[in-house]
Amino acid sequence: MSEFDAFRLRAHDWLASVAGTFGKAARKGLSEAEDLALGRRYLAARFDAGFAGINWPKEIGGQGLSHIEKVIFDTEEMSFGMPTGYFGISLGMPVPILIRFGEDKAWVKERVIAALRGEEIWCQLFSEPAGGSDLAGLRTRAEPDGNGWKLNGQKLWTSWAQYSDYGVIVARTDPTQPKHKGLTYFWVDMRAKGVEVRPIKLAGGDSHVNEVFFDDVRLDDSQRMSPIGGGFGVAMTTLMIERYVATDSGGFGPPLDLFVDLVKGLEINERPALKDGRVRSAIARNHAMRAGLESITARAMQMLQAGMEPGPEGSLNKLVSVRSRQKLSELAIDLQGNLGFAFDEHAPVKDNWSTSWINAPTGRIAGGADEMLLNTIAEKILGLPQDHRPDKGVPFNQIPA
Amino acid sequence: MPQMSILYDEGQQAIATESRRVLDARTSKQRLLALLEQTGTFDQLFWDTAVEQGWTALAIPEAHGGLGLGLVELGLVAQATGAATAGAPFLTPGYGIALAIMGSGNADIQAQWLPRLAAGEILGAVALAEGTAPLPTRPAVRYAGGALNGTKHAVPGGLKADIALVWAEADGAPALVLAELADAARTPVESFDNTRLYADLTFAGTPATVLAAGGAAKALALEILARMAIVTAHEQVGGAEALMLTARDYALTRRAFGQPIGAFQSVKHRIAELYGLVEIARANCIHAAGLADGGQADLTALMIAAADARLAATETYDTCARDCVQVHGGIGVTWEAGIHLHMRRTRSLAIELGNMLFWEDLLVENLTGVAA
């Protein structure tokens with residue numbers, strides 16, 4: 001058995017041993033507050049068991065292992081449905097950036113451990129009404145104020161801001177520079193005076209994203225995590241931190257087996273639905289597509305273990321899997337006829353076709369819209385030209401709004 | 001446990017590079033275009049190359065004059081032949097016949113045919129299909145007393161093959177039979193892809209030998225079909241990738257409205273989608289070939305992997321052909337541009353080895369146990 005297989009086994013055994021306390025079944029029927037509290041207890045248990053911060057340095061509370069073990073653990077953990085969603089952004093992006101760019105190492109270590117134990121949550125304040133896919137178009141401004149800064153503006157789509165203790169934020173410090181060059185990166189105390197968080201109810205009924213308003217919020221210069229004007233570069237590093245993440249060929253919706261189980265109980269024209277050519281075609285095409293994504297992931301893991309750089313095809317997963325989840329969910333609902341109308345907005349998206357369907361559009365927009373992912377493939381992998389960008393090189397304050 | 005896959009080793013990477021290099025040097029679009037307008041000829045230069053490079057010997061055991069390699073290596077060569085729209089349909093059938101002969105366990109037949117197949121001295125065809133069925137439950141061609149009778153329609157390679165693997169009825173059940181075609185009647189089928197050498201083969205007392213009969217015949221036939229389908233899927237991926245790159249290159253050079261057309265999202269996104277299809281199909285091919293060569297998989301697992309590869313590769317090759325022409329605009333539909341060489345090949349490869357409907361049903365049957 002390789003060391004990685006041994007690690008997988010150890011991870012699986014531990015996860016199985018606590019699944020009854022924290023897993024899918026234990027979470028059923030909990031309110032969001034109760035589920036969050038359970039999640040905090042799960043993270044503390046995970047920390048104590050030695051599975052927190054797997055690929056982070058030991059000096060700051062991590063395990064000092066590689067990202068291979070990290071992906072192995074995350075993949076195993078995913079199948080148990082543990083209450084980790086509230087901490088995904090926090091531990092995925094802001095905290096790693098803090099580790100890399102935070103100046104006060106003792107303070108950083110305190111924050112890292114608190115975040116790993118689920119005691120504190122960090123959010124990432126990037127998107128705005130005028131800057132989502134076009135991040136550098138953001139308008140929130142930080143102006144010099146004594147020996148620090150004064151922050152004003154609005155962020156949008158900030159995940160879990162309502163539960164966050166801290167955030168990382170990109171703000172405009174020089175509007176006379178072209179848009180990418182006038183940005184600076186800070187951390188911000190979400191409990192500070194002048195910060196207001198308003199949850200946004202999404203189409204599916206839940207409210208994990210927020211609007212966040214900053215009204216003369218005071219930042220100390222020690223909260224600055226990039227050179228003045230160097231914020232965009234730090235924000236881009238975020239995207240490189242977790243290049244290899246646990247993937248789900250089901251697009252974070254229900255697995256194909258669940259579709260087959262559903263179909264086995266249905267009829268079309270008074271014949272078993274599983275005998276229907278259209279249904280068989282949908283199953284077969286989805287299986288072929290998902291198997292391909294899984295083989296890509298398997299090969300990437302093998303390459304990492306062999307000390308090689310995985311190919312860029314790993315970037316296809318979200319684009320391909322979430323779109324297909326959306327269509328398969330539509331079909332799963334339709335196949336049930338009138339029985340397909342029933343809807344429980346709290347049902348987990350990985351077990352339920354209706355919540356999977358109504359929340360699928362979020363998956364195609366959040367974390368890189370389909371169109372942006374296609375642009376990235378076209379430009380970075382295939383070498384096709386960038387889109388026409390009329391605002392290129394123009395001072396931000398001269399770009400027509 | 002997560003899906004398994006394999007990484008190509010250095011020898012395999014060398015096969016991929018070398019086969020691509022040789023075919024790049026020796027493939028001529030003009031020669032292939034000319035062959036389209038003739039019935040009954042194939043690309044002799046390609047076939048000579050295949051023999052010279054040892055591709056006919058790749059997957060035949062060393063004891064029988066082969067190189068003793070596997071589906072992974074053959075798949076890599078098929079990817080190169082697919083990219084080149086190679087004009088001789090004997091590599092994959094030769095592999096299928098060799099599998100059947102190996103599966104027969106008959107040492108005399110193995111000694112008689114395998115060295116000659118490996119050396120490329122004889123050409124083989126696989127004639128399992130009848131009508132719309134890739135593997136009919138009750139084949140109409142009949143075997144009795146060492147001879148075959150009946151007709152197989154539009155057999156790939158049938159016009160020039162020396163021997164054929166035939167799915168025939170023997171003693172009331174389907175059997176795999178090896179026929180010597182010297183005296184069989186051949187009627188060429190005029191097709192959109194003439195170098196495939198489709199021909200109706202009519203057997204009238206044609207000498208033949210049973211390789212597998214009874215229940216073993218169906219299992220062996222399915223395994224051969226699966227393994228040949230995996231080779232063909234590689235060939236389709238090779239063609240698809242060539243089309244995707246052709247579209248990319250054209251989008252970089254062709255200018256309209258003051259910029260390269262590849263700067264328009266309608267064009268660049270189309271090509272990016274092709275990239276996704278190619279990589280997913282390729283991943284299925286690598287997985288299937290590795291599984292087949294690993295020797296651990298049961299027939300169900302092999303059929304599932306082959307079906308995944310086949311379905312993804314067929315959809316990918318079709319889409320790449322459609323979209324590559326579209327990206328080229330008017331020039332794409334001309335005879336001279338030659339993209340139609342691939343377009344034509346998409347259809348021949350989509351049907352040979354069983355169409356999408358066949359593989360969809362087979363996949364779902366193997367996944368759920370429920371037949372169509």
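Thresholds applied
- Residues numbered from 1 in each chain as written.
- Chains lettered and ligands numbered in written order.
- Predicted model: local features only at pLDDT ≥ 70, side-chain atom pairs only at ≥ 80, totals over all residues.
- Heavy atoms only, no water.
- Domains from an automatic or database assignment.
- Contact = heavy atoms within 4.5 Å.
- Buried area = accessible area lost by both parts, 1.4 Å probe.
- Salt bridge = Lys/Arg side-chain N within 4 Å of Asp/Glu carboxyl O.
- Polar contact = N/O pair within 3.5 Å; in protein donor to acceptor, adjacent residues only side chain to side chain.
- Helix = DSSP H or I, 4+ residues; strand = E, 2+ residues; numbered from the N terminus.
- Nonpolar A, V, L, I, M, F, W, Y, C, P; charged D, E, K, R; others polar.
- Axes fitted to C-alpha atoms, helices over the stretch in contact; angles between N-to-C directions.
- Parallel < 35°, antiparallel > 145°, perpendicular 65-115°, else oblique.
- Left-handed = near helix turned anticlockwise from the far one by under 90°.
- Phe/Tyr/Trp six-rings, centres within 6.5 Å; stacked < 30°, edge-to-face > 60°.
- Buried < 20%, exposed > 50% of the residue type's maximum accessible area, 1.4 Å probe, protein only.
- pLDDT = per-residue confidence, 0-100.
- Pairing = 2+ DSSP bridges.

### Quick word on the domain arrangement of chain B
All names here are of chain B.
1) Next: Once the domains are mapped, chain B shows domain 1 (10–118), domain 2 (124–212) and domain 3 (218–368).
2) Next: Relative placement of domain 1 and domain 3: their C-alpha centres are 20 Å apart.
3) Next: Listed as interface residues are 29 residues of domain 1 and, on the opposing side, 29 residues of domain 3.
4) Next: Both sides together, the interface formed by domain 1 and domain 3 hides about 2,300 Å², and carbon and sulfur atoms give 68% of it.
5) Next: Applying the counting criterion to the domain 1 and domain 3 interface returns 0 salt bridges.
6) Next: At the junction of domain 1 and domain 3, the tally comes to 6 residue pairs in polar contact (both at pLDDT 80 or more).
7) Next: Counting residues per element, the side of domain 1 that touches domain 3 draws most heavily on helix α4 (residues 71–83), which supplies 11 residues.
8) Next: Among the residues forming the side of domain 1 that touches domain 3, the class breakdown is 14 nonpolar, 11 polar and 4 charged.

### Some details on the packing of helix α2 (residues 29–36) of chain B against helix α10 (residues 339–351) of chain B
All names here are of chain B.
1) Next: Packing of α2 against α10 leaves a shortest axis separation of 10 Å and a crossing angle of 55 degrees. Between α2 and α10, the interaxial angle falls into the category oblique. Between α2 and α10 the crossing geometry is left-handed. Contacts from Lys29, Leu32, Leu33 and Leu36 in α2 reach His340, Leu341 and Arg344 in α10.

### Quick look at the packing of aromatic side chains
Residues and elements named next belong to chain A.
1) Next: According to the stated counting rule, one finds 22 aromatic pairs over all chains in the structure shown.
2) Next: Note on Trp149 and Phe186: the rings are 5.5 Å apart at their centroids and 65 degrees apart in plane angle, and the pair reads as edge-to-face. In this pair, Trp149 is assigned in strand β3 (residues 148–159) and Phe186 in strand β5 (residues 183–189), connecting sequence segments 37 residues apart. The same class applies to Trp149 as to Phe186, namely buried.
3) Next: Put simply, the rings of Phe7, Trp14, Phe22, Tyr42, Phe51 and Phe73 touch in pairs and so form one group of aromatic residues.

### Observations regarding the interface of chain A and chain B
1) Next: With 44 residues of chain A at the contact, the number on the chain B side is 45 residues.
2) Next: Here chain A is connected to chain B by 5 salt bridges.
3) Next: When the shortest N-O distance is used, the salt bridge between Arg285 of chain A and Glu360 of chain B registers 2.7 Å.
4) Next: Counting every contact that joins chain A to chain B gives 19 residue pairs in polar contact (both at pLDDT 80 or more).
5) Next: Those elements that provide at least two residues to the side of chain A that touches chain B are α9 (256–264), α10 (277–305), α11 (317–335) and α13 (370–381) of chain A.
6) Next: Partitioning the side of chain A that touches chain B into residue classes produces 23 nonpolar, 9 polar and 12 charged.

### Describing the domain arrangement of chain A
Residues and elements named next belong to chain A.
1) Next: Under the domain assignment, chain A is made up of domain 1 (3–120), domain 2 (123–241) and domain 3 (256–368).
2) Next: Computed over C-alpha atoms only, the centres of domain 1 and domain 2 are separated by 25 Å.
3) Next: Both faces combined, the contact of domain 1 with domain 2 buries some 1,600 Å², and carbon together with sulfur accounts for 72% of it.
4) Next: The three residues of domain 1 that bury the most area against domain 2 are Glu32, Ile97 and Phe101, which together make up 29% of that side's buried surface.
5) Next: Seen at the junction of domain 1 and domain 2, the total is 2 residue pairs in polar contact (both at pLDDT 80 or more).
6) Next: Residue assignment for the side of domain 1 that touches domain 2 shows that the elements contributing at least two residues are α3 (32–48), α5 (88–92), α6 (94–101) and α7 (105–116).
7) Next: Top element by residues in the side of domain 1 that touches domain 2 is α6. It accounts for 6 residues.
8) Next: Considered class by class, the residues forming the side of domain 1 that touches domain 2 number 10 nonpolar, 3 polar and 6 charged.

### Topic: the confidence of the model for chain B
In regions of low pLDDT, the predicted coordinates are not meant to be interpreted in detail.
1) Next: Across chain B, pLDDT averages 96, with 99% of residues at or above 70.
2) Next: For this predicted complex, the interface confidence score (ipTM) comes to 0.96, while the overall pTM stands at 0.95.

### A word on the pairing of strand β1 (residues 124–127) of chain B
Residue and element names in this part refer to chain B.
1) Next: Every second residue of β1 is oriented toward a common face, with Gly124 and Val126 on one face and Ala125 and Ala127 on the other, all of them buried.
2) Next: Looking at chain direction, β1 and strand β4 (residues 163–170) are connected through 4 bridges and run parallel. Counted as the bridge partner of Ala125 is Ala164 from β4.

### Quick word on the environment of Ser164 of chain A
Residues and elements named next belong to chain A.
1) Next: For Ser164, the position within the fold is in the loop between β3 and β4 (166–172).
2) Next: Here Ser164 falls in the buried class, since its relative accessible area comes to 1%.
3) Next: For the pair Ser164 and His208, spaced 44 residues apart in the sequence, the C-alpha separation amounts to 11 Å.
4) Next: Ser164 has contacts with Ile121, Trp122, Cys123, Met190 and Arg191, leaving out every residue within four places of it along the chain.
5) Next: Separated by 2.9 Å, the side chain of Ser164 and the backbone oxygen of Trp160 make a polar contact.

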